[in-house]
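The residues making up each chain are set out below.
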Amino acid sequence: MLTEFPGATPPIDHDGHVHTTDEPGTDRAPTVALTQWWVLSQRLIRPAWRTGEILTALLAPAVFTIGFYVPLNLVMTVYGHGLSSYAQFLMPMIVMQAVAFCAIAAAFRAATDARDGLDVRFATLPMPRGVPFAARITVAAHRAVIAVGAALVCGTVIGFRFYGSCWHTAGFLAFALLIATALCCGADLLGSMSASPEATTQILVLPQLIFGMVSTGFAPANQFPSWIQVFVRNQPVSQFVDGLRALAGDSTGNAGAVDIATLGPGLAWVLGILVVCGGLSWRHAARRAA
């Protein structure tokens, strides 16, 4: 199967770059890498539709919506949340839970490939070291698009609406998918290094619970004990949720301003995760190819 990848015959150097003996072959290297990326992506996307992974991405937001909105709506309406409805307040957290679930799936896939030795086998091919990683992230982003779309449908059912401009709505979607990509990059790195699908998924459940429950996703920060409010306000999930909430807007105008003070911290967390995890993934792939 692996010999069917385009460019499988030219030699490969220590850094994983394709080299050929003639100049036209060198010009074709980027096209070959794109073809390899596409083949590896299709290798994961097609089975996902057959095995039910996509169905899980569709159903998970519905489960999160029912599990969070039904028990908390009345309670939070009594205690107050500052927006026109609890659905408007909760929607960003439903999106966050949906993309976190996608990150766990990405970690499971990366750990499975590492356990089965596929990463090592790919490293022996004339293939740029980042192609397998890029293919896995592409599949994770594909799953995240579906999950975010399903989350928006669920939010609409319980009463969520966009109150900002079309640019704010586009920003909401772009920010949600950027967060998903960053989380999937981190999860993919953890899975590749762990090589144990079961252990990896268990490890990721704990931070998801801690950062999710102790955030502004379910309740305003002022409803937490005073000694933990600083952490609640400044941890990454709260920064992500606050940015999404501001982009979604609210009829009361209390969702927050769409400015650098509101969106900046969340964007900084996302870019930091992408840079750090992307760099570490590159180094990890280089060690496998060595």
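Residues numbered from 1 in each chain as written. Predicted model: local features only at pLDDT ≥ 70, side-chain atom pairs only at ≥ 80, totals over all residues. Heavy atoms only, no water.

Considerations on the packing of aromatic side chains
This model, assessed by the stated rule, comprises 11 aromatic pairs. Judged by centre distance (6.5 Å) and plane angle (20 degrees), the ring pair of Y69 and Y86 falls under stacked. You can see Y69 sitting in helix α2 (residues 53-79) and its partner Y86 sitting in helix α3 (residues 86-115), a full 17 residues away along the chain. By the burial criterion, Y69 is buried, and Y86 matches it. Ring geometry for F160 versus F162: centroids 5.0 Å apart, planes at 75 degrees, classification edge-to-face. (Phe/Tyr/Trp six-rings, centres within 6.5 Å; stacked < 30°, edge-to-face > 60°. Helix = DSSP H or I, 4+ residues; strand = E, 2+ residues; numbered from the N terminus. Buried < 20%, exposed > 50% of the residue type's maximum accessible area, 1.4 Å probe, protein only.)

Some details on the nonpolar core
By size, the foremost hydrophobic cluster in this structure holds 60 residues, and its most contacted members are L90, V95 and I179. When residues of this core are traced back to their parent elements, those giving at least two are α2, α3, α5 (131-158), α6 (166-194), α9 (236-248) and α10 (260-289). Considering every element that reaches this core, the biggest residue donor is α3, with 16 residues. By size, the runner-up hydrophobic cluster in this structure holds 8 residues, among which are A33, L118, F122 and V131. (Core = buried A, V, L, I, M, F, W, Y, C linked by side-chain atoms within 4.5 Å.)

Things to note about the packing of α6 against helix α7 (residues 197-213)
For the pair α6 and α7, interaxial distance at closest approach is 9 Å and the crossing angle is 140 degrees. Relative to α7, the element α6 lies oblique. α7 is crossed by α6, and the crossing has right-handed handedness. Contact residues: α6 offers A187, L190, G191 and S194, while α7 offers T200, I203 and L204. Of the residues that constitute the contact of α6 with α7, the class distribution is 4 nonpolar, 3 polar and no charged. (Axes fitted to C-alpha atoms, helices over the stretch in contact; angles between N-to-C directions. Parallel < 35°, antiparallel > 145°, perpendicular 65-115°, else oblique. Left-handed = near helix turned anticlockwise from the far one by under 90°. Contact = heavy atoms within 4.5 Å. Nonpolar A, V, L, I, M, F, W, Y, C, P; charged D, E, K, R; others polar.)

Here's the deal with the side chain of D113
Inspection of the secondary structure assignment puts D113 in helix α3. In this view, D113 contacts R43, L118, D119 and R136; residues no more than four positions away in its chain are not counted.

Description of a nonpolar patch on the surface
Side chains of L74, V75, V78 and Y79 sit close together on the surface and give an oily, nonpolar patch of about 470 Å² of accessible area. Checked against the element boundaries, V75 lands in helix α2. Looking at V75, the relative accessible area reads 39%, which means it is partly exposed. (Patch = residues over 30% accessible without salt bridge, like charges linked within 9 Å, V, L, I, M, F, W, Y side chains within 5 Å. Areas by Shrake-Rupley, 256 points an atom, 1.4 Å probe, with all protein chains shown as cover. Salt bridge = Lys/Arg side-chain N within 4 Å of Asp/Glu carboxyl O.)

Side note on α9
Taking 1.5 Å per residue, 13 residues should reach 18 Å; α9 reaches 18 Å between its end C-alpha atoms and fits that length. Along α9, the residues that are buried comprise P236, V237, S238, Q239, F240, V241, G243, L244, R245, A246, L247 and A248. N-capping of α9 is provided by Q235, with a side-chain oxygen placed 2.9 Å from the backbone N of V237. G249 sits one or two positions beyond α9 and adopts a positive phi of about 75 degrees. (Expected span 1.5 Å × (residues − 1). Polar contact = N/O pair within 3.5 Å; in protein donor to acceptor, adjacent residues only side chain to side chain.)

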